[in-house]
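# Examination of the molecular architecture
Here is how the chains run, residue by residue.
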Amino acid sequence: GQQLNQSPQSMFIQEGEDVSMNCTSSSIFNTWLWYKQDPGEGPVLLIALYKAGELTSNGRLTAQFGITRKDSFLNISASIPSDVGIYFCAGPRRTNYGGSQGNLIFGKGTKLSVKP
Amino acid sequence: DGGITQSPKYLFRKEGQNVTLSCEQNLNHDAMYWYRQDPGQGLRLIYYSQIVNDFQKGDIAEGYSVSREKKESFPLTVTSAQKNPTAFYLCASTSTSGGPGETQYFGPGTRLLVL
């Protein structure tokens, strides 16, 4: 079935560093979504990608929709302490009836923490 | 302000007890979803509903039940049949179902703990 694999599982950041993470699948997706979850809160949508090759920015965040449609990347430039949290990628979940019926499949997340 | 509210923020369940988690949205969204989140597991779909009075099981529906009597409300009941209910529960909604580029909007979550 569909699966989204996120890498790395966790990473430590130092203020000012650039951060990169990715999301891959053996299945093709026509939409990629990136969410951030702060501790004890619900995920918040950061960036949505709808077209292969698309590069979209939201402040210091930049995400790309891979050409193969099987991967996506998220970059954070000049990280700050409030960037810590869990970052999830997501895409439409295929059903037996075709289409996603609004359902999403999520990766297991990349957890960003501050370097001690 | 439009949004999704979940209550309570924390909920304690005794052995053999059913508990109900509330989810309300004023975004006029058609579809609503319940997820369970455990550490390192990501988000797992429990139930979803695309229209009033209709809902479908997700990947881990056993031990849970839902209702969708109103468009804006989608309560989740954790029954005594759910043997490991301790988790963070997230409700979400989206404005379209079946269309391209659906984005789900999440509530703040309810943390359920077993006494």
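Above this note sits the structure.
Attention here is on the structure that accompanies the text. (Residues numbered from 1 in each chain as written. Chains lettered and ligands numbered in written order. Predicted model: local features only at pLDDT ≥ 70, side-chain atom pairs only at ≥ 80, totals over all residues. Heavy atoms only, no water.)

We now examine unusual backbone geometry. Cis geometry is found at the peptide bond from Ser7 of chain A to Pro8 of chain A, where omega equals -5°. Looking at the element boundaries, Pro8 of chain A is found in the loop between strand E1 (5–7) and strand E2 (10–13). Even without being glycine, Asn53 of chain B reaches a positive phi, approximately 65°. Inspection of the secondary structure assignment puts Asn53 of chain B in the loop between strand E5 (42–51) and strand E6 (54–57). (Helix = DSSP H or I, 4+ residues; strand = E, 2+ residues; numbered from the N terminus.)

What follows concerns the layout of surface pockets. Taken as a whole, the largest pocket holds about 540 Å³ of empty space. Lining the largest pocket are 25 residues, and of these Ile86 of chain A together with Gln37, Asp38, Pro39 and Gly40 of chain B lie nearest its centre. Of all the secondary structure elements, the ones that give two or more residues to the lining of the largest pocket are E1, strand E9 (85–92) and strand E11 (110–114) of chain A together with strand E4 (31–38) and strand E9 (87–94) of chain B. A per-element tally of the lining of the largest pocket places E9 of chain A first, with 3 residues. (1 Å grid on protein atoms, 1.4 Å probe; cavity = no way out; pocket = protein on both sides within 12 Å on 5 of 7 lines; lining within 4 Å. Points joined across faces, edges and corners; volume = space filled by probe spheres on them.)

Between chain A and chain B, the residue contacts involve 22 residues of the former and 26 residues of the latter. Roughly 1,800 Å² of surface becomes buried between chain A and chain B when both sides are summed, with 50% attributable to carbon and sulfur atoms. Ionic pairing is found between Glu41 of chain A and Lys9 of chain B, a salt bridge with its closest N-O pair at 3.9 Å. Taken together, the connections running from chain A to chain B amount to 4 residue pairs in polar contact (both at pLDDT 80 or more). (Contact = heavy atoms within 4.5 Å. Buried area = accessible area lost by both parts, 1.4 Å probe. Salt bridge = Lys/Arg side-chain N within 4 Å of Asp/Glu carboxyl O. Polar contact = N/O pair within 3.5 Å; in protein donor to acceptor, adjacent residues only side chain to side chain.)

We now examine the nonpolar core. Among the nonpolar cores identified, the biggest contains 21 residues, and Met21, Trp34, Leu74 and Leu112 of chain A are the most heavily contacted of them. Every element with two or more residues in this core is listed here: E2, strand E3 (19–24), strand E4 (32–37), strand E5 (44–49), strand E7 (61–65), strand E8 (71–76) and E9 of chain A. Not counting chain neighbours up to four residues away, the residues in contact with Met21 of chain A comprise Ser7, Pro8, Trp34, Ser72, Phe73, Leu74, Ile76, Tyr87, Thr110 and Leu112 of chain A. By size, the runner-up hydrophobic cluster in this structure holds 19 residues, among which are Val19, Leu21, Ile46 and Cys91 of chain B. (Core = buried A, V, L, I, M, F, W, Y, C linked by side-chain atoms within 4.5 Å. Buried < 20%, exposed > 50% of the residue type's maximum accessible area, 1.4 Å probe, protein only.)

Residues and elements named next belong to chain A. Considering all chains together, one arrives at 11 aromatic pairs over all chains under this definition. Seen in terms of ring centroids, Trp32 and Phe65 are 6.4 Å apart; in terms of plane orientation they differ by 85°. Their pairing is edge-to-face. Note that Trp32 is positioned in strand E4 and Phe65 in strand E7, a separation of 33 residues in sequence. On the basis of relative accessible area, Phe65 is assigned to the buried category, the value being 1%. (Phe/Tyr/Trp six-rings, centres within 6.5 Å; stacked < 30°, edge-to-face > 60°.)

What follows concerns the state of the cysteines. Applying the stated criterion across every chain, the model contains 2 disulfides over all chains. There is a disulfide in this structure between Cys23 of chain A and Cys89 of chain A, and the S-S distance comes to 1.9 Å. When the S-S torsion is 55°, as for the bridge of Cys23 of chain A with Cys89 of chain A, the disulfide is right-handed. With Cys23 of chain A in strand E3 and Cys89 of chain A in strand E9, the pair connects residues that are 66 residues apart, well separated along the chain. In this structure Cys89 of chain A comes out as buried when scored by relative accessible area, which is 0%. Disulfide pairing is shown between Cys23 of chain B and Cys91 of chain B; the S-S distance is 1.9 Å. Because the torsion about its S-S bond is -75°, the bridge between Cys23 of chain B and Cys91 of chain B counts as left-handed. (Disulfide = S-S within 2.5 Å.)

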